[in-house]
Amino acid sequence: QNGGYRSLPLSGHVGFDSLPDQLVNKCIKQGFSFNILCIGETGTGKSTLIDSLFNTTFDDPVSTHFQPNVRLRARTYDLQESNVHLKLTIVNTVGFGDQINKEDSYQPIVDYIDAQFEAYLQEELKIKRSLHSYHDTRIHACLYFISPTGHSLKTLDLLTMKSLDSKVNIIPIIGKADSISKTELQRFKVKLMSELVTNGVQIYQFPTDDETISKINAIMNGHLPFAVVGSTEEVKVGNKMVKARQYPWGIVQVENENHCDFVKLREMLICTNMEDLREQTHARHYELYRRCRLEEMGFRDTSPENKPVSLQEAYEAKRHECYVEMQRKEEEMRQVFVQRVKEKEIILKEAEQEIQARFEHLKRLHQEEKLKLERNRRTLEDEMALFVKKKAAAELLQTQTLLSTPISFKKDKDRK
Amino acid sequence: GQSGLGKSTMVNTLFKSKVSRKATQPGREERIPKTVQLQSVTHVIEEKGVKMKLTVTDTPGFGDQINNENCWDPIIKYINEQYERYLREEILITRKRKIPDTRVHGCVYFVPPTGHWLRPLDLEFMRRLSKIVNVVPVIAKADTLTLEERAEFKQRIQRDLKAHAISVYPQEDFDEDPDDRALNDRIREENPVHRGGGGKGNGKRVLGRKTKWGIIEVENPMHCEFPMLRDLLIRSHLQDLKDITHNVHYESYRVRRLNES
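Residues numbered from 1 in each chain as written. Chains lettered and ligands numbered in written order. Predicted model: local features only at pLDDT ≥ 70, side-chain atom pairs only at ≥ 80, totals over all residues. Heavy atoms only, no water.

An unreviewed UniProt entry annotates chain B as Septin-7 of Tinamus guttatus.

Named according to an unreviewed UniProt entry, chain A is Septin-10 originating from Tinamus guttatus. Annotation of chain A in UniProt includes, under Sequence similarities (unreviewed entry), the sentence "Belongs to the TRAFAC class TrmE-Era-EngA-EngB-Septin-like GTPase superfamily. Septin GTPase family." (UniProt positions renumbered as here; feature names shortened; annotations may be inferred.)

**Thoughts on the UniProt feature "coiled-coil region" (unreviewed entry) in chain A**
Mapped onto the present numbering, the UniProt feature "coiled-coil region" (unreviewed entry) falls on residues 334-390 of chain A. Taken end to end, residues 334-390 of chain A has its terminal C-alpha atoms 83 Å apart, with 100% of it in helix and 0% in strand. (Helix = DSSP H or I, 4+ residues; strand = E, 2+ residues; numbered from the N terminus.)

**Notes on unusual backbone geometry**
A cis amide bond, omega -10°, links Leu224 of chain A with the succeeding residue Pro225 of chain A. Residue position: Pro225 of chain A is located in the loop between helix H6 (211-223) and strand S7 (226-227). In this structure, Asn70 of chain B takes a positive phi of about 60° despite not being glycine. Relative to the helices and strands, Asn70 of chain B is located in the loop between strand S2 (50-58) and helix H2 (73-91). In this structure, Ala165 of chain B takes a positive phi of about 55° despite not being glycine. Turning to its location among the elements, Ala165 of chain B is positioned in the loop between helix H4 (147-163) and helix H5 (178-184). A residue is classified by how much of its surface remains accessible, and Ala165 of chain B, at 67% relative accessible area, is exposed. (Buried < 20%, exposed > 50% of the residue type's maximum accessible area, 1.4 Å probe, protein only.)

**Topic: the interface of chain B and chain A**
Contact residues are listed per partner, giving 46 residues for chain B and 47 residues for chain A. The largest per-residue losses of area from chain B upon contact with chain A belong to Glu47, Ile93 and Arg95 of chain B, which jointly make up 17% of the total buried on that side. Here chain B is connected to chain A by eight salt bridges. Glu251 of chain B is the partner of Arg129 of chain A in a salt bridge, and the nearest nitrogen-oxygen pair spans 3.0 Å. Where chain B meets chain A, there are 23 residue pairs in polar contact (both at pLDDT 80 or more). For the side of chain B that touches chain A, the secondary-structure elements that each account for two or more residues are strand S1 (39-47), S2, H2, helix H6 (226-236) and helix H7 (238-260) of chain B. For the side of chain B that touches chain A, the element with the highest residue contribution is H7 of chain B, accounting for 12 residues. (Contact = heavy atoms within 4.5 Å. Buried area = accessible area lost by both parts, 1.4 Å probe. Salt bridge = Lys/Arg side-chain N within 4 Å of Asp/Glu carboxyl O. Polar contact = N/O pair within 3.5 Å; in protein donor to acceptor, adjacent residues only side chain to side chain.)

Here it is as structure tokens:
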């Protein structure tokens, strides 16, 4: 019963019964973190419900229906109640279920959850690590909002939940439940649960091993999925202001257990089982992820006596492998580079040759022109020389004729 | 601590039960072991619904030889072995939900009440061990010192520790709460108890030692600081001891181990 150890009777008050108090004080000083993921189609009331649950407005802008793909939007808030600090992270899916082709809708969500596990694993595997001051971003609870059609689960819902049930605690919720009548709601719930069971979807079960809460948890398990209504507006009922939605035919009060399961959800999610949700995330979902990831990386438990050493060896082997791969890639890139340079050189050489040829051609043309011009010039010079000779001969003739008839010229001149 | 300083008695007084068997009981052979041996005994104790698995490790033979060189080695080896065990479990691919924790959370070192200074053995031991485990030094059998001698001894010890840069628990760098720091700036004293001796002081039964010159009450803070030690180890800092062991000492062991291989 005591793990094989003898039980020792005490003869007086020792004082270690204060150990739980010491633990509580330490935890309070450190503060807690809680991360909720809300999945649901646009318009199922996710943001309003979170606002109602935590009694504040979280400032989430309303999104359109025209997102091209599913995105996740995470926001972290620091809340305080009495002296307990809570770092609350709310992750919303934007654009879920709005696309025409919804095949890839759930993949971003799975990737996000895995990324948080991976971040924690990386921190845990570091040599110098600081786990006790690490801000835990792993998703502790996933609120899955089912549209209040009144019929059954959609294929998208089934597909998404099936891909998430081994990674996160899923709590299915019927959103905007004030659009379903009481009888329809009962049938709807039964149909939903039986569909989940038939398809083997593992949703989160409230724990029933702790005697103090097992009874209430068992009852609550039977009320799943919770049909909730959220509202941040207050309406006067009787002489109090309560959170409610006002219709012409009546007022739906959020915190009235006859109207919807909001109080049950708040009770289960926050008051009773918050710690169990965190514990399950760490001890079950994270461990599963870690095991798969380490096995993927090539680690084995086969020889327990070599554990730390073989971990180091495996690390070294992996590092060597990666290094060799890197060398290979570098070599490849270098080859490609050299190849490209060679090709460019060839092209450039060809271009150079072409230009050279053209230059030669032009030079030849130029030479020909020059020769032609030379010839023309010489011809012209010859003609000029000829002309000069003729002119000289003509002048000589003229002077000769002048000398032979001088009087006649004079007589002519006198007469004139 | 060396034999005869009242280690077993103190543990029995702390936990108000027969945790360790005293070496001075009749029928047990008085034998000083040739080397330092470590003897661990584990019990489960329960108080007001809170169950605790308590492991007390004793070190008979420590400091008892003629040549005490390296007598701290078996102790260091033992402490590191517990860290190693935890590390092995932590690195497994499929690991247990709750890793069994056998690491040493607190090491109580008994200083003999010489009244002068710390001896070289004390300094060497505390220097080496304060790096890997929370060390709580305690002046043993303090009923042989008067109040003034005690105060002086304490001061000298504190100066010695500071001069040699030995940081004993509670370590100064981890004191986040200023009230804690004021409380922790003292080295504890202690007075072994004659179990069941129960003398009568003020007409009621108290835990104490009966001597010819009076009754020394263990739980009277005017007589000895046993209550403070008990409060430190159990009532107020038990969780802190475990946390510092896990977050500081274990982590530095892990860093050393992963770096060396």
